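Chain by chain, the residues run as shown.
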Amino acid sequence: MGLLPSFIIMAALVAVPLLASAAGVGKGILLVGIPYAAFAIFLGGLCWRVVGWARSPVPFRIPTTCGQQTSLPWIKSAPLDNPSTGLGAVGRMALEVLLFRSLFRNNRAEIYDQRYVFGDSKWLWLGALAFHWSLLVILLRHLRLFVQPVPAFVLFMGKVDSFFQIGAPALYLSNVVVLCALAYLLLRRLWDLRLRYISQFSDYFALLLLLGTALTGVLMRYGTRVDVVAVKRLAIGLATFQPVVPDGVGIVFLIHLLMVSALAAYFPFSKLVHMGGVFLSPTRNLANNSRMKRHVNPWNYPVKTHTYAEWEEEFRDKLLMAEIPLDEAKHD
């Protein structure tokens, strides 16, 4: 369910540049118009999602915890799993964002021989961690196309990433890792029957779009070569809002750019937007200090209440007839 539509859309993303290149039309739209439109949708959609999350009321402390809460001095607490201070919450968030700690501690459960068995799912954690870190390195390396002169840390990162120097041009380790990680995540979703049963279009399309983007990027570097000078001229023109339409970028680059644009436009409306949502998650970014501080809902508004004294006064005669004792203060 959802796999076939994903393949159809991916085929369309490949066919559109091929047809446009064969007909000799639409090059300016593919190189300038669509990237600008995709970037505008990305910024607008991401701001809309973040503002919506930021405006959501969170009057109480609702962090999910996996350790002992801070209480009595002689009871050992878990300062990172169950932080009671802002600094502890920052440390917990850092472990979540940088190392995916909650995913590392996640377990899978299945029925085996009429027993409910829990097991590790560390391969999922490793695949997700490898994908995210390699994608970050690739994105930072792409800065060399948008700025001039190239920052020193980008050059250093490229040297470290191509440390093994396998073949020419140098093989980037992040390229290999991201392809392997994406292939594992996709095959895992196809191989596991239960996971495949609950998978939807959004699950397959995001993986296929990322995998197609990575494959076309690798193909440009190690297969069909492109004019890097023309690509950089295009990138700098787009970044400085002085777009140019260079020649010699190649059909693979057009497909790669269209996939990147589709990914950017789809990002705010997909599960991928968790990149920004994780920082605004109250189950992660709040300190659990409910035992130390009383949290009152600031959105509470005055409401008319009916106290017990008012209720007793209203039904006094009936209470006396039923010989129900009244508040002693009332008799006084």
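Here the structure is a predicted model, which is why all the values come from computation and not from measurement.

J.: Could you give an account of the overall build of the protein chain, with specific residues and numbers?
T.: When helices and strands are tallied, the protein chain shows 16 helices and two strands. Taking the principal axes of the C-alpha coordinates as reference, the protein chain spans close to 100 × 45 × 45 Å. A buried classification covers 34% of the 332 residues belonging to the protein chain. A sequence separation of at least 24 residues applies to 68% of the contacts in the protein chain between residues at least 6 apart. A total accessible area of about 21300 Å² is found for the protein chain, and carbon and sulfur atoms account for 69% of it.

J.: Explain the UniProt feature "transmembrane region" (unreviewed entry) in the protein chain residue by residue, including any values.
T.: Mapped onto the present numbering, the UniProt feature "transmembrane region" (unreviewed entry) falls at residues 32-51, 123-143, 163-185, 205-224 and 244-267. Segment residues 244-267 splits into 67% helix and 0% strand. End C-alpha atoms: 26 Å apart.

J.: For the side chain of Ser261, give the residues involved together with the corresponding values.
T.: Structurally, the position occupied by Ser261 is in helix H11 (residues 251-266). Residue Ser261 is classed as buried on the basis of its relative accessible area of 5%. Aside from chain neighbours lying at most four places away, what touches Ser261 is Ile34, Pro35 and Ala38.

J.: Mind laying out the pattern of salt bridges, listing which residues take part and the relevant values?
T.: With the rule as written, the count across this model stands at eight salt bridges. Salt-bridge contacts for Asp81 lead to Arg105; the nearest nitrogen and oxygen are separated by 2.9 Å. With Asp81 in the loop between helix H2 (27-55) and helix H3 (86-99) and Arg105 in the loop between helix H4 (101-104) and strand S1 (107-112), the pair connects residues that are 24 residues apart, well separated along the chain. Taken together, the shared-partner salt bridges connect Asp81, Arg101 and Arg105 into one network.

J.: For the confidence of the model for the protein chain, give the residues involved together with the corresponding values.
T.: Summarising the model, the protein chain shows a mean pLDDT of 88, and 97% of its residues fall at 70 or more. Of all the helices and strands in the protein chain, helix H16 (residues 328-331) carries the lowest mean pLDDT, 52, while H11 carries the highest, 94.

J.: I'd like a description of the packing of aromatic side chains, backed by residues and values.
T.: Counted under the stated rule, the structure contains eight aromatic pairs. With a centroid separation of 5.8 Å and 5° between ring planes, the pair formed by Tyr36 and Phe241 is classed as stacked. Of this pair, Tyr36 sits in helix H2 while Phe241 sits in the loop between helix H10 (228-239) and H11, placing them 205 residues apart in sequence. Given a relative accessible area of 25%, Tyr36 falls into the partly exposed group. Given a relative accessible area of 64%, Phe241 falls into the exposed group. An aromatic cluster is defined as three or more aromatic residues linked by ring pairs; in this entry it consists of Phe39, Phe42 and Phe267. Above the plane of the ring of Phe104 lies Lys122, whose end atom (NZ or CZ) is 4.7 Å from the centre. Between Arg141 and the ring centre of Tyr172, over which it is positioned, the NZ or CZ distance is 3.8 Å.

Cut-off values and rules
- Residues numbered from 1 in each chain as written.
- Predicted model: local features only at pLDDT ≥ 70, side-chain atom pairs only at ≥ 80, totals over all residues.
- Heavy atoms only, no water.
- Helix = DSSP H or I, 4+ residues; strand = E, 2+ residues; numbered from the N terminus.
- Buried < 20%, exposed > 50% of the residue type's maximum accessible area, 1.4 Å probe, protein only.
- Contact = heavy atoms within 4.5 Å.
- Areas by Shrake-Rupley, 256 points an atom, 1.4 Å probe, with all protein chains shown as cover.
- UniProt positions renumbered as here; feature names shortened; annotations may be inferred.
- Salt bridge = Lys/Arg side-chain N within 4 Å of Asp/Glu carboxyl O.
- pLDDT = per-residue confidence, 0-100.
- Phe/Tyr/Trp six-rings, centres within 6.5 Å; stacked < 30°, edge-to-face > 60°.
- Lys NZ or Arg CZ within 6 Å of the ring centre and 35° of its normal.

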